[in-house]
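Read off the chains here:
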Amino acid sequence: MKPLAASKSRGVKRSSKSSEMARDFLLKLELRSHPNLLCVVRGAMEPLMDTLGFSAEECRAIIRGVDEAVSNIMRHSYHGRLDQPIEIYCSRLHRGVNSESEQGVEIVLFDCGPAVDPTKLTARPLDEIRPGGLGLHIIRGSMDTVEYKRAGRLNRLRLVKFAGPCGSPSKPVQEKPS
Amino acid sequence: MKISIRRVDQATILDVSGNIDMSNSPEVRKALLREIRENSVSRVVLNLTGVAYIDSSGVASLVEGLKASRESGTRLILFGLSDSPREVLKISRLVKLFEIYDDEQQAMASPTPSN
């Protein structure tokens, strides 16, 4: 499978502000857009997040966020086609906050589906009792940062989770654009 | 993921094991709706003891089951939720919409809620 996002999120990058944010590349997954592979992604994430020292609750949140993100790509970006490429890059994040160090993980997903209209990236109101439309809400409820952007011909979804209270509001992430 | 079905008194119990995600949630939806719509039982009970993970498509199947149960006057009851399924229902703000019990004994003994 030809790489979608060469060099993106790879290696070690540091911000210009000394040690405020550092990123260490850990893992890359390449998969086809087949729903049977969702369990493989979850199976890869669980021990990795455990290794990074996240609590059990945080591990479940990260697995949930990544799984929903991949499912969204399969359903909405590739419209159920089973043979389309998806890439997932995982990096360890460190950031200095008030002279203390916080550990986190950054997960960046790439797909080559059509560009997403950002105005449609809104979770539906939860007071409506109806099936469907929960995926984005679950991703946002599970991760600290959720960012989408179009990167050339690719969709890029960036998820960040720092160790800390699960479901806490998004924390500002200081980093130099890569 | 496996679903097996038991009849106990006037109830149907669906024992589900494995993870529920986009690859198999249509099976859960189909089994749930069939039991609610086609069999005249007073309660349909979903045993999720063996389910470690449910994604949004699985949650959507449960919501469809809930709506169908309300239409048909059947009670839909869940029990045996582990941490992850419980968390996803909480995030979706659906946890209070479902009748949820810890185990089968509680689920079967539970009185019909008064409206």
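Residues numbered from 1 in each chain as written. Chains lettered and ligands numbered in written order. Predicted model: local features only at pLDDT ≥ 70, side-chain atom pairs only at ≥ 80, totals over all residues.

**Quick look at the overall build of chain A**
And step 1. Helix and strand counts for chain A stand at three helices and six strands.
And step 2. Helices (α) and strands (β) of chain A occur, in sequence order from the N terminus, as β-β-α-α-β-β-α-β-β.
And step 3. With 178 residues in all, chain A has 35% of them scored as buried.
And step 4. At a minimum sequence separation of 6, the contacts of chain A that also span at least 24 residues come to 69%. (Helix = DSSP H or I, 4+ residues; strand = E, 2+ residues; numbered from the N terminus. Buried ≥ 20, exposed ≤ 12 C-beta atoms within 10 Å, placed from the backbone. Contact = placed C-beta atoms within 7 Å.)

**Brief notes about helix 2 (residues 56–72) of chain B**
And step 1. Look at helix 2 of chain B: 24 Å from first C-alpha to last across 17 residues, which is about the 24 Å you get at 1.5 Å a residue.
And step 2. When we look at burial in helix 2 of chain B, the residues that qualify are B:S56, B:S57, B:G58, B:V59, B:A60, B:S61, B:L62, B:V63, B:G65, B:L66 and B:S69.
And step 3. Where helix 2 of chain B is buried, its residues meet helix 2 (56–77) and helix 3 (135–142) of chain A together with helix 1 (25–38), strand 3 (43–50), strand 4 (75–79) and helix 3 (83–91) of chain B.
And step 4. The first or second residue beyond helix 2 of chain B is B:G73, which carries a positive phi of 75°. (Expected span 1.5 Å × (residues − 1).)

**Digging into the environment of A:L26**
Residues and elements named next belong to chain A.
And step 1. Residue placement: L26 occurs in strand 2 (residues 21–32).
And step 2. Residue class for L26 comes out partly exposed when judged on the 15 C-beta atoms lying within 10 Å of it.
And step 3. Considering only alpha carbons, one finds L26 and I88, 62 residues apart in sequence, at a separation of 11 Å.
And step 4. Once residues within four sequence positions are removed from consideration, L26 is found in contact with L48, C90, S91 and R92.

**With respect to the interface of chain B and chain A**
And step 1. Chain B puts 20 residues into the contact, and the matching count from chain A is 23 residues.
And step 2. Counting residues per element, the side of chain B that touches chain A draws most heavily on helix 2 of chain B, which supplies six residues.
And step 3. In terms of residue class, the side of chain B that touches chain A is made up of eight nonpolar, six polar and six charged. (Nonpolar A, V, L, I, M, F, W, Y, C, P; charged D, E, K, R; others polar.)

**What to know about helix 1 (residues 38–51) of chain A**
All names here are of chain A.
And step 1. Compared with the 20 Å implied by 1.5 Å per residue over 14 residues, the 20 Å span of helix 1 between its first and last C-alpha is a close match.
And step 2. All buried positions along helix 1 are accounted for by L38, V41, M45 and M49. One side of helix 1 holds all its buried residues, which, seen down the axis, span an arc of 60°. The exposed residues of helix 1 that point more than 90 degrees off its buried face are G43, P47 and T51.
And step 3. In this structure, the buried side of helix 1 is in contact with strand 2, helix 2, strand 3 (85–97) and strand 4 (100–111).
And step 4. The first or second residue beyond helix 1 is G53, which carries a positive phi of 90°. (Arc of directions from axis to C-beta.)

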